Amino acid sequence: MAGLSDDLRLLADGLSVGVIRLDLDLMVRYANPAAHVFAGRPAGGLVGRSLMEAFIDRRIEELAETARRSGSASGELTLRSADGLSLVVRARRTSDGDATWLTLEDVSELRRLQRIRREFVDNLSHELRTPLTNVSLLAETLVRESEAAGEQIPARMRDRISKIEVETGHLVQMVSELLDLARIESGRPMVLLDVVDLARLAAASADRLRLFAERQGVQLVVEVPAAGVPRVNGAEERLGQVIINLVHNAVKFSPDGGDVTVRVDVQGSTVVVAVEDRGIGIPRGSQDRVFERFYKVDRARVRGGGTGLGLSIARHVIEAHGGRIWVVSEEGRGSTFSFALPIAAPNGTPE
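Here the structure is a predicted model, which is why all the values come from computation and not from measurement.

**Student:** I would appreciate a short explanation of unusual backbone geometry in the present structure.
**Tutor:** Leaving glycine out, the prevailing phi sign among residues is negative, and the prevailing peptide bond configuration is trans. Positioned with a positive phi, leucine 26 is a non-glycine residue whose angle comes to about 60 degrees. Summarising the element assignment, leucine 26 is placed in the loop between strand E1 (18–22) and strand E2 (28–31). Judged by its relative accessible area of 4%, leucine 26 is buried. A positive phi angle, close to 50 degrees, is found at isoleucine 56, a residue other than glycine. Assessed through its relative accessible area of 57%, isoleucine 56 is described here as exposed.

Spelled out as structure tokens, the structure:
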């Protein structure tokens, strides 16, 4: 076969990935067995056909044309003529420009498993949210009533009731993170229509966790400019979730009696929110990975556990707002997680 040695043909014929060689007119000059299976053609049925004839799908032809012009192209598509087969197609022009190579990788099973996992997480999270919310409210009521009863309830029992409330809070946080993961993986775009006062939002978010922090022996401090800060564009609820997540983490990683400080300030054309703790800190080798999904620095050192999703979700939300998020930490001395968002111009658009 012109342009393909016997050794290369032998190698390509044994691959589970489809391999196709096209000439300048996008006619098929070679196709391995896997490519014939993906196209639903008998052995040898692709050679001599145009790419459009071979797959009856304009999108593959467009990828090949893009690669012929610019050197390479890739995309994922579902073939209408092959029982919904999902393929990742990569196209690359040869160095002499006389031909284009296509590779086709079947990711149908991977996408099916991802869909099953996404639906499972989504359904489980929704099923857990209602009973956990009820348990959380009951635990909070028990704490208030036990404190009001004073010495009528033994100190050991009051302590256990308080711990029930704290652990329930951890469970509610984990379920919220799973719901956020399901929302992210659904691919639904984030709607950024709110004009957000981050100083007010930071104070409100910290207030929501103040009781939780007190149960952990941690004091929450909020520092915002007296004159306020410029507004930012975004989804207020999602940004509030980010701040709550960062504060929740800071409390979990703080020793009893420590402080967690939430600061809001203006730096250049951005508003910066920083959450600082005096906790256990993050080893230098782990700092580049803390925003990865499911990554945990050290499960044994974290009271309350967690899903390992919170920081990954925070990064997704902040980057969707056109901002950035980062951490500065020293092991044994604490961490500061910060994010910066562009200030909204007077007409409502980012400056």
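Past the structure itself, the notes keep going.
**Student:** What should I look at first to understand the side chain of aspartate 57 in this one?
**Tutor:** Take aspartate 57: it is sitting in the loop between helix H3 (51–55) and helix H4 (58–70). Residue class for aspartate 57 comes out buried when judged on its relative accessible area of 2%. Of the polar contacts made by the side chain of aspartate 57, one reaches the side chain of arginine 59; its length is 2.6 Å.

**Student:** Is there a simple way to explain the packing of helix H9 (residues 236–252) against helix H10 (residues 310–320) in this structure?
**Tutor:** In a pair of packed helices, the angle between the axes and the distance between the axes together describe the arrangement. As a packed pair, H9 and H10 sit with axes 10 Å apart at the nearest point and diverge in direction by 150 degrees. In this structure, H9 crosses over H10, and the sense of that crossing is left-handed. On H10, the residues that touch Arg238, Leu239, Val242, Asn245, Leu246 and Asn249 of H9 are Gly310, Leu311, Ala314, Val317 and Ile318. Each residue belonging to the contact of H9 with H10 can be placed in one class, and the counts come to seven nonpolar, three polar and one charged.

What counts as what
- Residues numbered from 1 in each chain as written.
- Predicted model: local features only at pLDDT ≥ 70, side-chain atom pairs only at ≥ 80, totals over all residues.
- Heavy atoms only, no water.
- Helix = DSSP H or I, 4+ residues; strand = E, 2+ residues; numbered from the N terminus.
- Buried < 20%, exposed > 50% of the residue type's maximum accessible area, 1.4 Å probe, protein only.
- Polar contact = N/O pair within 3.5 Å; in protein donor to acceptor, adjacent residues only side chain to side chain.
- Axes fitted to C-alpha atoms, helices over the stretch in contact; angles between N-to-C directions.
- Left-handed = near helix turned anticlockwise from the far one by under 90°.
- Contact = heavy atoms within 4.5 Å.
- Nonpolar A, V, L, I, M, F, W, Y, C, P; charged D, E, K, R; others polar.

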